[in-house]
Structure formats: C-alpha cells, structure tokens
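# Architecture and fold: a report
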Amino acid sequence: MALVNEHFLKLPGNYLFADIAKKVNAYQVSHPKQKVISLGIGDVTQPLCPAVIEAMHKAVDEMAHKASFRGYGPERGYNFLREAIIKNEFLPRGIHLDPNEIFINDGAKSDTGNIQEIVRWDNNVGVTDPIYPVYIDSNVMIGRAGVLENGRWSNVTYMPCTDENGFVPQIPDHRVDMIYLCYPNNPTGTVLPKEELRKWVNYAIRNDSIIFYDAAYQAYIQDDSIPHSIYEIRGARKVAIEFRSFSKTAGFTGVRCGYTIVPKDLTAVTVDGKTRVSLNQLWDRRQNTKFNGTSYISQRAAEAIYTPEGKEQVKATINYYMENARIMRTQLTKLGFKVFGGENAPYLWVKTPNNTSSWKFFEQMLYGASVVCTPGVGFGPSGEGYIRLTSFGDREDCKEAMRRIADWMLGSNK
Ligand code: PLP
C-alpha cells in the first residue's frame, strides 16, 4: 500500500493570490465599467531586451542545423554562461569563484525549494518574517518545520522585520541550523547593510549553520554600500549558498534561467560529528539525478545580458521599474503613508493607516480607488498591518493608480 507523504497535508492552501483574485472578481461584478489597476503582481511587464531576443533567434537557428544542434547540456550549465557570470557579476566585486561552484538552473524557485534536500530532515530552520513563502513550505514538505500553531511552525524560528526594528532581523539567541535570508527583500523591499550581513555570517561560522541567501533582486540595488552578494563578506564561502535569477534582472520570468552558487569551501557535518561533507559535491550529485539542465536557448539569452548592448538595455528596464517605484514612494509619502522599500528593490511595503488590518485595507483600496495591492499578512505574521505594492507595472497605470489613491484618500479625509 502506497502511503501519502502526510507532511504535504499540513500545508495550508496557498490561498493568497486566489483570495485576491476572488475579491477582485466580486468587485468587478458590481463595478463592471471600472478598470482595476493591479499593483499586486510580482511579475514583470516589459518585454525582453533586443540583445536577448537576438541571441535567442541565433540559438534557435543553431538548433535547426545538424552541425550546431544541441541536445542535453552539461547539468551545471554551459561554460560560456558560467564564465560570463563570474566575469561580470563577481570579479568586479572582488569575489573569485570557480565555474564549478556555479549551477545554472531554470530560475531561483526550484533551487530555493530543493536545496534543503541535501541537509538532514531534523535540522531546525530560521526565516525572516515576512518572507517569500517557498522557504518555509519546502521545509514543511519534508517534515522539518514541525506543526502549525497559531500561524507559526513549531520548528521554525521567525525573525520579525518591522517598522519597529527598522526591518533589521535580530540574530537569534539560540542555534539555528538553516537560515534563510532574502536581500533585497521580497516582500518588504528593504536591504541589509554590510555590517548587519557580517553579523549573520559570523553567527553561522560560530554555530556551524548554513545561510541560504536569496539575491534574486540584487540587480535593483542602487546604493553602492549595500552588498549584492553574501560573498562580499569574509568567511561567507564557508557558510553560505547564494541564489540568483535572471527573472527580475532581465525579464526572464517566462524564459526561465537562474543560478545557484555552492562554494567548494562549504561543508556540513555527519550526525556522528566525525566527517565533514562537501555540499558542492552533494548538490552536484543531486542535480545529476534530478535535473537535466536549462535549455541552450535560455542560456544563450542569459549570456546576452552581459554584452555591452545587453548591459545597457537591461539597466534601462530596471531604471524604468525603479522610476515607477520612485513615483509611487513620493506620492504615497505625500499622502501621509509610511512607506518602506522601493529604493533598492522593486517592492514598496506600506504601513496601513490607523492599524487597519492588511485585508481590510486591501478591500478599502479596492473599493475606494480600484487599485489592487497584496495584503502583507499573506507573507507571514509580521506582515499584518502592511501591504505590498510592486513597481513592475506600466508607467501610465502606475501614475493613474497614484492619482486614484490620492483622490480616494483626500476624498475620504474630507
Ligand atoms: N526568490 C524570490 C525572493 C522571489 O521573489 C522569486 C520570484 O518571485 C524567486 C526567488 C523565484 O524567481 P524565479 O524562479 O523566476 O527565478
């Protein structure tokens, strides 16, 4: 008799975006003529840049001829892409990586979810709160998170990030084996200064912990003092795995390509405490079994963002989104909202007025301004009393949404 993995049954339904859609539909039924603007989407809206399109066409043409056709590629990814990443992303920041420390993937979601397979099921887990849900859910699936009590998992340490602590998570006072950090952060759009990140690296070294560092939004950092990579911190090669993605960097959400860095210095100990095992080798072994590589076309597309034209074009799109963020920040601040993020990330994290709950404010804004946001509490208990707005929309929609919110707020304050 095949028994089900009951850990899956512990997972609450992923209702956040379904609930949002349901509420928006109900609103549209009663307001059929009103155009709703969504600032809730986490997907990009601008097309791939010309350099990427050209590289993809070329790669497709190569696939059309026997001499240049490619089948299965190397599991870790093609050398041309791994070398371009090292040269353009890491060497300029003084970080030296071996190509075999880079694993090309089909986007960061798979690896941020799968990476926990290579460490024991009974490690405990720490996350900043609120957070991208994949980290916790993937640990629930393997039975590592414990049981859900009052919205919190019993074997997970939650490190609140709120207005009160300036969105800087406090270092735990006990040992946490697996720590998930995401900077720039989804959903709060906040970043971690170098000296704060250094505290985490030192904590991990002291406690023999592993940091899973999600840098999917690093391309949005504008402030030169903010680290783009955890490997800018001395010692991080011994304790950290880093995830990167071309999704938000270059509009690859539908193309699919990202990469994970597993340094060769990173090890974890066996349960008897006697042997230290290389996680680079374990991850390689895992990928060889369960992953057959990212498509050649996607990898050639990713490589193209490092050409001189590609760099300029990708930067222009990021600037476009960041200008949306600036417009939103300025307008919302003018209206008296407390706004966080949006300066080094495409997300704005907005405190609801008068301690209104996230969902209540979501409904008020939908009915008052026909603008959709994401309720902060959907990202974890410390997200209550906040909403998330994204700057991934079109400029005109973004400006119109701000006009509507202004009319609504000023009207409702009369
Ligand atoms: N990590 C974070 C923090 C994200 O917000 C996302 C997507 O929204 C991902 C990873 C996954 O992105 P992808 O799989 O498209 O690379």
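## Let's talk about a nonpolar patch on the surface
Together, Val4, Phe8, Leu9 and Met141 line one region of the surface with nonpolar side chains, adding up to about 390 Å² of accessible area. Along the polypeptide, Met141 turns up in helix α6 (residues 134-141).

## Examining unusual backbone geometry
Residues Asp129 and Pro130 are joined by a peptide bond in cis, for which omega reads 5 degrees. Position of Pro130 relative to the elements: it lies in the loop between β3 (125-129) and α6. Omega for the bond connecting Tyr183 with Pro184 falls within 30 degrees of zero, at -10 degrees, which places this linkage in the cis form. The phi dihedral of Asp208 is positive, around 55 degrees, even though this residue is not glycine. If you trace the backbone, Asp208 turns up in the loop between α7 (194-207) and β8 (210-214). Phi is positive for Arg256, which is not a glycine, with a value near 80 degrees. In this fold, Arg256 is placed in the loop between α8 (247-250) and β10 (258-261).

## Examining the packing of helix α2 (residues 16-30) against helix α12 (residues 358-369)
Look at α2 against α12: their axes get within 11 Å of each other, and the N-to-C directions meet at 35 degrees. Here the hand of the crossing between α2 and α12 comes out right-handed. On the side of α2, the interface is formed by Leu16, Asp19, Ile20, Lys23, Val24, Ala26 and Tyr27, while α12 contributes Trp359, Phe362, Glu363, Leu366 and Tyr367. Grouping the constituent residues of the contact of α2 with α12 by class yields nine nonpolar, no polar and three charged.

## Some remarks on the domain arrangement of the protein chain
By domain assignment, the protein chain separates into domain 1 (15-44 + 315-412) and domain 2 (52-306). Here the C-alpha centroids of domain 1 and domain 2 sit 28 Å apart. Contacts between the two partners involve 25 residues from domain 1, matched on the other side by 30 residues from domain 2. For the domain 1 and domain 2 pair, buried surface summed over both sides reaches about 2200 Å², with 59% attributable to carbon and sulfur atoms. The interface formed by domain 1 and domain 2 contains one salt bridge. Where Asp163 meets Lys338, a salt bridge forms, and the shortest distance between an N and an O atom there is 2.8 Å. For the pair domain 1 and domain 2, the interface holds ten residue pairs in polar contact (both at pLDDT 80 or more). Among the elements of the structure, α11 (308-334), β13 (338-341), β14 (347-351) and β17 (386-390) are those that each provide at least two residues to the side of domain 1 that touches domain 2.

## Remarks on the sheet that holds β14
The four strands lie next to each other as β13-β14-β17-β16, forming an open sheet whose pairing is antiparallel. Edge positions in the sheet fall to β13 and β16 (374-375), since each of these pairs with one other strand and no more. As judged from the five bridges shared by β14 and β17, these two strands associate in the antiparallel manner. Residue Trp349 lies in a different strand from β17, and its bridge partner there is Arg388. Against the sheet, α12 contacts β16 and β17, and its axis sits at roughly 50 degrees relative to β17.

## Some points on the site of the ligand
Within the structure, the ligand sits among 14 residues, and Ala108, Asp214, Tyr217, Ser245 and Ser247 are positioned closest to it. A distance of 2.8 Å is found between an oxygen atom of the ligand and a side-chain nitrogen or oxygen belonging to Asn186. Interatomic distance of 2.6 Å between a side-chain N/O atom of Ser247 and an oxygen atom of the ligand. Listing elements by their share of the shell around the ligand, those giving two or more residues are α5 (108-114) and α8.

## A look at the environment of Phe362
Here Phe362 is to be found in helix α12. Once the C-alpha coordinates of Phe362 and Val339 are considered, the two residues, 23 residues apart in sequence, prove to be 16 Å apart. Dropping the residues within four chain positions of it, Phe362 is found in contact with Ile20, Lys23, Val24, Val372, Cys373 and Pro375.

## Things to note about α7
Taking 1.5 Å of rise per residue, the 14 residues of α7 would be expected to cover 20 Å, and the 20 Å separating its terminal C-alpha atoms lies within 8% of that figure. Buried within α7 we find Glu196, Leu197, Trp200, Val201, Tyr203, Ala204 and Asn207. Buried residues in α7, looked at end-on, bunch into an arc of 155 degrees, giving them a common side. Among the structural elements, β6 (156-160), β7 (178-182) and β8 are those in contact with the buried residues of α7. Asp208 sits one or two residues past α7 and shows a positive phi near 55 degrees.

## Observations regarding the side chain of Ser278
Inspection of the secondary structure puts Ser278 in strand β12 (residues 276-278). Those residues within four positions of Ser278 in sequence are excluded, and the remaining contacts are Leu266 and Thr267.

Cut-offs and rules
- Residues numbered from 1 in each chain as written.
- Predicted model: local features only at pLDDT ≥ 70, side-chain atom pairs only at ≥ 80, totals over all residues.
- Heavy atoms only, no water.
- Patch = residues over 30% accessible without salt bridge, like charges linked within 9 Å, V, L, I, M, F, W, Y side chains within 5 Å.
- Areas by Shrake-Rupley, 256 points an atom, 1.4 Å probe, with all protein chains shown as cover.
- Salt bridge = Lys/Arg side-chain N within 4 Å of Asp/Glu carboxyl O.
- Helix = DSSP H or I, 4+ residues; strand = E, 2+ residues; numbered from the N terminus.
- Axes fitted to C-alpha atoms, helices over the stretch in contact; angles between N-to-C directions.
- Left-handed = near helix turned anticlockwise from the far one by under 90°.
- Contact = heavy atoms within 4.5 Å.
- Nonpolar A, V, L, I, M, F, W, Y, C, P; charged D, E, K, R; others polar.
- Domains from an automatic or database assignment.
- Buried area = accessible area lost by both parts, 1.4 Å probe.
- Polar contact = N/O pair within 3.5 Å; in protein donor to acceptor, adjacent residues only side chain to side chain.
- Pairing = 2+ DSSP bridges.
- Near = heavy atom within 4 Å.
- Expected span 1.5 Å × (residues − 1).
- Buried < 20%, exposed > 50% of the residue type's maximum accessible area, 1.4 Å probe, protein only.
- Arc of directions from axis to C-beta.

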